[in-house]
Amino acid sequence: MGRKATAWRRVGPPAGSVTARRLVTAATVAYVANCLWGTAVAVRLIRTKKLRVVHHGLFVVTATLTGVAATTPVWTRDRTALFLLPALVPLAAAPRTNPRSGAHWRVAVAAAPSYLGALLARR
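What you are looking at is a predicted structure, and each value in this text was computed from that prediction instead of being measured. (Residues numbered from 1 in each chain as written. Predicted model: local features only at pLDDT ≥ 70, side-chain atom pairs only at ≥ 80, totals over all residues. Heavy atoms only, no water.)

Focus: the side chain of Thr-72
Keep this limit in mind: Helix and strand assignments follow DSSP, with helices taken as H or I runs no shorter than four residues and strands as E runs no shorter than two, numbered in order from the N terminus. Residue contacts are counted whenever heavy atoms from the two residues lie within 4.5 Å of one another.
With respect to the secondary-structure elements, Thr-72 resides in helix 3 (residues 72–75). Once you skip the residues sitting within four places of it in the chain, Thr-72 turns out to touch Ala-20, Leu-23, Asp-78 and Ala-81.

Following this line, the structure appears as structure tokens:
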């Protein structure tokens, strides 16, 4: 006699890990968009006399998504978001640096390896 298929067997990844992966992706996309906007402003491709709030808004979205994604190992079994924990340090320091100095973009770029590691760990 053959084995019976059981109804409780999982076919795909757990639902929590899908949510965690989506949050990691969303945080990474927000970070890249924020970096691209900031770079465009720095090289004067975009004038932000009246649009300064865009970069600040992107930063708030990035920091919020990164913070939420970094908590996913607490409520799911997916550990890929642990890579985002070191990114919280540059995200906390970036608003305190002078945007006209070289320190601002260096602090912002310091978070990039964390986002890259989280994306690569997703697979």
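There is more to say, and it comes next.
Remarks on helix 6 (residues 112–121)
As a reminder, the rule being used: Exposure classes here rest on a 1.4 Å probe applied to the protein chains alone. A residue is buried below 20% of its type maximum, exposed above 50%, and partly exposed in between. Taken from the helix axis, the directions to the C-beta atoms give the arc we talk about.
Taken residue by residue, helix 6 has Ser-114, Tyr-115, Gly-117 and Ala-118 as its buried positions. Down the axis of helix 6, the sector holding all buried residues measures 160 degrees, keeping them to one side. Looking at helix 6, the residues exposed on the side facing more than 90 degrees away from the buried face are Pro-113, Leu-116 and Leu-120.

Side note on unusual backbone geometry
Its identity as a non-glycine residue notwithstanding, Arg-44 has a phi of 65 degrees, on the positive side. Residue Arg-44 is classed as exposed on the basis of its relative accessible area of 60%.

Here we look at the side chain of Asn-34
Rule in force here: Polar contact is the term for a pair of N or O atoms within 3.5 Å; when the atoms are in protein, one must be able to donate a hydrogen and the other to accept it, and sequence-neighboring residues count only if both atoms are side-chain atoms.
You can see Asn-34 is positioned in helix 1 (residues 15–42). Polar side-chain contacts of Asn-34 include one of 2.8 Å to the side chain of His-55. Excluding anything up to four places from it in sequence, Asn-34 contacts His-55, Leu-58, Phe-59 and Thr-62.

The values are spatial; any link to function lies outside them.
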